[in-house]
Amino acid sequence: MTNNPFKIASLGIQHVLAMYAGAVVVPLIVGGAIGLTSEQLTYLVSIDILMCGIATLLQVWKNRFFGIGLPVVLGCTFTAVGPMITIGAEYGISAIYGAILVSGLFVVLISRSFGKLIRFFPPVVTGSVVTIIGITLIPVAMNNMAGGEGSADFGSLSNIALAFGTLAFIILLFRFSDGFLRSIAILLGIVAGTIVASFMGKTNFSSVAEASWFHMPAPLYFGMPTFEVTPILTMILVSLVGLVEATGVYLALGDIYKQKLTGKDMASGYRAEGIAIILGGLFNSFPYTTFSQNVGLIQLSGIKTKNVIYTAAGLLIVLGLMPKIGALTTVIPSAVLGGAMVAMFGMVMAYGIKMLGKVDFSSQENLLIIACSVGMGMGVTTVPNLFSEFPSSLQILTSNGIVAGSLTAIMLNILFNVIPFKKSAGSVLNEQKAS
């Protein structure tokens, strides 16, 4: 823990940098796909960053009605990217925001019931889910290490050297420093990597020059929302997927904090997420969910105070209101981010494995749950078009490795550990002989 304002600010900046790239890539992809102008795209990126900060505040500030009260950072969910592009192409941008608004309301309404399902998430499920989250994020880090998917110099020696140099710097800081320096190793690695990249001619400040100093958020910037049945059902499925992902993050943080979460705690977290989604719809941004890379950062830094996350949320709000300052973080080369991401995402996976340490491995059923769920999560990540012939509504559940693996773990746990099963006399006799 730390109360030093400078240290808290540095750790807050580290959290912002850890999630910033993931937060801005969604509006860039979606906005570009549905044909927004450069002015509209600038607004979309800025409002998204602003809403990330507000959504994070809703989660960290625990009260009677909403907020998990843990150091959770929220950002726009990647699960929504494909569905939003499809909805925008077929129904228009107004249908995207109508669907987001209804899905947010749906999450708020079901939060209490969903919170009662915590008994379906024992360590064999949560450990598997957190491990899957880490595994499925690694390809993102690898693509960034090479320079970013689609870049002209993808896989160049300069990008690889920059990425591994950043990672090596972070590792050396961990090995030979302690205390505060060790806790901000990721931030220092990113800064050092960016400085080196600037000498290599790999930084571009044009986005900073073009960005305005200040902008005011405007509700319904893209016009009044429209409500279509298919887009609404699609975004409700996306929101349910977000709740499954959030459950793994809540439980991972609860474990780090040695805090046993109740169904009421979970319901407050889900409710905060639903409110964030509604605000995203009103201000024409995106559905929001927990960002697991920041869990890895908490584990790496060892700093668990919520003041750091409050600071990060405040910084995101400022960045969202001042696009020129926010644009400074976009000069960080993808290769530098990739090097840092390997450590962060790998730590998420390692923590999932640690959670699995509480599982009874003498049970063949538990081994099968872990094997199938992690295998499915990794398999869908490496072969994303495996279910390309499925209906688009089902692909929301099958095209994402985190979702596919998580649902596999949940269903198999219900099958093996929840549903009562009476063993036959023969199988019991065989077990007795074996023992």
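See above for the structure.
Residues numbered from 1 in each chain as written. Predicted model: local features only at pLDDT ≥ 70, side-chain atom pairs only at ≥ 80, totals over all residues. Heavy atoms only, no water.

**Student:** Describe helix 5 (residues 123-145), and please don't skip the residues or the numbers.
**Tutor:** Each α-helix winds once per 3.6 residues, and so residues spaced three or four apart point in a common direction. Under the 1.5 Å per step criterion, the end-to-end length of helix 5 is 32 Å for 23 residues, consistent within 8% with the ideal 33 Å. The element helix 5 is largely enclosed, with a buried count of 17 among its 23 residues. Positive phi shows up at G147, right after helix 5, with a value of about 120°. (Helix = DSSP H or I, 4+ residues; strand = E, 2+ residues; numbered from the N terminus. Expected span 1.5 Å × (residues − 1). Buried < 20%, exposed > 50% of the residue type's maximum accessible area, 1.4 Å probe, protein only.)

**Student:** Describe the packing of helix 8 (residues 185-199) against helix 15 (residues 334-356), and please don't skip the residues or the numbers.
**Tutor:** At a minimum axis distance of 9 Å, the contact between helix 8 and helix 15 shows a crossing angle of 160°. Taken together, helix 8 and helix 15 sit at an angle that is classed as roughly antiparallel. Every pair of crossing elements has a handedness; the one defined by helix 8 and helix 15 is right-handed. Only V336, L337, A340, A343 and M344 of helix 15 make contact with helix 8, whose side of the interface consists of I186, G189, I190, G193 and T194. In terms of residue class, the contact of helix 8 with helix 15 is made up of seven nonpolar, three polar and no charged. (Axes fitted to C-alpha atoms, helices over the stretch in contact; angles between N-to-C directions. Parallel < 35°, antiparallel > 145°, perpendicular 65-115°, else oblique. Left-handed = near helix turned anticlockwise from the far one by under 90°. Contact = heavy atoms within 4.5 Å. Nonpolar A, V, L, I, M, F, W, Y, C, P; charged D, E, K, R; others polar.)

**Student:** Account for the packing of aromatic side chains, with residues named and values stated.
**Tutor:** Two numbers describe a pair of aromatic rings. These are the distance of the centres and the angle of the planes. Evaluated as defined, the whole model comprises four aromatic pairs. For the ring pair W61 and F66, a centre distance of 5.5 Å and an interplane angle of 80° mean the geometry is edge-to-face. The partly exposed category is assigned to W61, whose relative accessible area is 48%. Considering the side-chain rings of Y250 and Y270, the 5.8 Å spacing of their centres and the 40° angle between planes classify their relative orientation as tilted. With Y250 in helix 10 (residues 229-256) and Y270 in helix 11 (residues 263-282), this residue pair connects regions lying 20 residues apart in the sequence. You can call Y270 buried: its relative accessible area is 1%. The rings of F114, Y250 and Y270 are connected pair by pair, giving a single aromatic cluster. (Phe/Tyr/Trp six-rings, centres within 6.5 Å; stacked < 30°, edge-to-face > 60°.)

**Student:** Can you tell me about a positive patch on the surface, naming the residues and giving the values?
**Tutor:** Together, R64, R112, K116 and K264 give the surface a local cluster of positive charge. With respect to the element layout, K116 can be found in the loop between helix 4 (93-115) and helix 5. (Patch = residues over 30% accessible without salt bridge, like charges linked within 9 Å, V, L, I, M, F, W, Y side chains within 5 Å. Areas by Shrake-Rupley, 256 points an atom, 1.4 Å probe, with all protein chains shown as cover. Salt bridge = Lys/Arg side-chain N within 4 Å of Asp/Glu carboxyl O. Lys, Arg positive; Asp, Glu negative; His and termini not counted. Charge placed at Lys NZ, Arg CZ, Asp CG, Glu CD.)

**Student:** Account for the layout of surface pockets, naming residues and giving values.
**Tutor:** Estimated volume of the second largest pocket: approximately 360 Å³. Lining the second largest pocket are 15 residues, and of these F121, P123, L251, D255 and K260 lie nearest its centre. Elements with a minimum of two residues in the lining of the second largest pocket: helix 5 and helix 10. By residue class, the composition of the lining of the second largest pocket is seven nonpolar, three polar and five charged. (1 Å grid on protein atoms, 1.4 Å probe; cavity = no way out; pocket = protein on both sides within 12 Å on 5 of 7 lines; lining within 4 Å. Points joined across faces, edges and corners; volume = space filled by probe spheres on them.)

**Student:** Provide a residue-level description of a nonpolar patch on the surface, including the pertinent values.
**Tutor:** Where nonpolar side chains cluster on the molecular surface, the patch consists of L368, L415, F416 and I419 and spans about 340 Å² of accessible area. The residue L368 is located in helix 16 (residues 364-382) in this model.

**Student:** Break down helix 13 (residues 306-321) for me, with residues and values.
**Tutor:** The terminal C-alpha atoms of helix 13 lie 23 Å apart, and with 16 residues this matches the ideal 22 Å at 1.5 Å per residue to within 8%. Within helix 13 the residues assigned to the buried category are V308, I309, A312, A313, L316, L319 and G320. Along the long axis of helix 13, the arc covered by the buried residues comes to 140°, so they all point the same way. (Arc of directions from axis to C-beta.)

**Student:** I'd love a proper account of the nonpolar core, names of residues and values included.
**Tutor:** Residues M84, I190, M235, Y250, L253 and Y288 are the most contacted members of the largest nonpolar core, which totals 116 residues. The leading source of residues in this core is helix 10, at 13 residues. Once you skip the residues sitting within four places of it in the chain, Y250 turns out to touch Q59, I68, L70, V72, L261, M266, G269, Y270, E273 and T290. (Core = buried A, V, L, I, M, F, W, Y, C linked by side-chain atoms within 4.5 Å.)

**Student:** Describe the pattern of salt bridges, listing the residues and the values that go with them.
**Tutor:** Between side chains of opposite charge, a pair can form when the charged atoms approach closely. As enumerated under the stated definition, the model contains two salt bridges in all. K62 is paired through a salt bridge with D265; the nearest N and O atoms lie 2.9 Å apart. Of this pair, K62 sits in the loop between helix 2 (38-60) and strand 1 (74-76) while D265 is found in helix 11, placing the two residues 203 residues apart along the sequence. Judged by relative accessible area, K62 falls into the partly exposed class, the value being 41%. Among the residues examined, D265 registers a relative accessible area of 11% and is labelled buried.

**Student:** Help me get a handle on the environment of I68, residues and values and all.
**Tutor:** Checked against the element boundaries, I68 lands in the loop between helix 2 and strand 1. It is 8.1 Å that separates the C-alpha atoms of I68 and A267, two residues lying 199 residues apart in sequence. Sequence-distant contacts of I68, that is, excluding residues within four places in its chain, are made with Q59, K62, Y250, D265, M266, S268 and G269.

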